[in-house]
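# Working through the structure, step by step
Okay, here's what each chain looks like letter by letter:
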Amino acid sequence: MPKSPVSSRPPASNACDVASYQLIGALPASMLGTSGDANGDGVADIDLHAACAAAAELDPSGVSTLAIQMDVTDEAQVDIGVDEAARRFGGIDILVSNAGIQIVAPIDQFLFSDWKKMLAIHLDGAFLTTRACLRNMYAQGRGGTILYVGSVHAKEASRLKAPYVTAKHGLVGLARTVAKEGAAHGVRANVICPGFVMTPLNARLSSDPEQVAALAAHRGGGPGGGRRRGRRDGR
């Protein structure tokens, strides 16, 4: 049986964020926001301690935040967590889908298990959180906003990152579909596509000569590449 999300429950609040897996800067992997009667933020992460830390940054008093432990690839955990946030804050009006990891290797050496893991977190997670939030948004009848954190890789390719590039391109397609289907319900969708940002996930790249060369090549700084297999770095 799938594990249910575990949450820390502060007193009443009204916007909520849900996340799972580390992302850009201090953002959680997914975020939910509401405009109900209780103002607050819900933050979800696969690591409950990380979710609690992010929630504390939003509100050190803990009055207006809800931390939820959630694996975005687990259908039951996502549905339970989103519904819990909706009950806590009087609905869901905003989803920021930002779950992601990085595994780098040449295509001919890429493990199928790593490919599936990458797509599950980036795309399955985006789909599951989107579906759960849309069900709430449609039922509420007050519209909503869904934001996907994409990447420059949603627009172009890069060496060693086949599943990441594939997934980020996929987010654009998902957002376009959500925008078309959600329009009748007042729900809009957008993809944010930042360039390279130094985050905890990719900070280790700066000490890896192969990855530094690959990044330099991507930025037009010369030839690059890498043959190391299964490196789990960067975002």
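Residues numbered from 1 in each chain as written. Predicted model: local features only at pLDDT ≥ 70, side-chain atom pairs only at ≥ 80, totals over all residues. Heavy atoms only, no water.

### Comments concerning the overall build of the protein
Summing up its helical and strand segments, the protein has five helices and seven strands in all. From first element to last, N terminus to C terminus, the protein shows the α and β order β-β-β-α-β-α-β-α-β-α-β-α. Looking at the protein as a whole, 52% of its 235 residues qualify as buried. Put simply, the protein shows about 10,500 Å² of open surface, and 57% of that area lies on carbon and sulfur atoms. (Helix = DSSP H or I, 4+ residues; strand = E, 2+ residues; numbered from the N terminus. Buried < 20%, exposed > 50% of the residue type's maximum accessible area, 1.4 Å probe, protein only. Areas by Shrake-Rupley, 256 points an atom, 1.4 Å probe, with all protein chains shown as cover.)

### Some remarks on the pairing of strand β4 (residues 65–69)
The element β4 is largely enclosed, with a buried count of four among its five residues. Summarising the sheet, strand β3 (residues 41–45) and β4 pair through five bridges and their orientation is parallel. Bridge assignment links valine 43 to a residue of β4, and that residue is alanine 67. Considered for its hand, the β-α-β crossover made up of β3, helix α1 (residues 48–58) and β4 is right-handed. (Pairing = 2+ DSSP bridges. Right-handed = clockwise from strand over helix to strand, strands pointing away.)

### Details of helix α2 (residues 75–89)
An ideal rise of 1.5 Å per residue puts 21 Å on 15 residues; α2 measures up with 21 Å between its terminal C-alpha atoms. Taken together, the buried positions of α2 are Gln77, Val78, Asp79, Gly81, Val82, Glu84, Ala85, Ala86, Arg88 and Phe89. Near the N-terminus of α2, the side chain that reaches the backbone nitrogen of alanine 76, with its oxygen 3.1 Å away, is that of aspartate 74. Positive phi appears at glycine 90, one or two residues downstream of α2, with a value of about 80°. (Expected span 1.5 Å × (residues − 1). Polar contact = N/O pair within 3.5 Å; in protein donor to acceptor, adjacent residues only side chain to side chain.)

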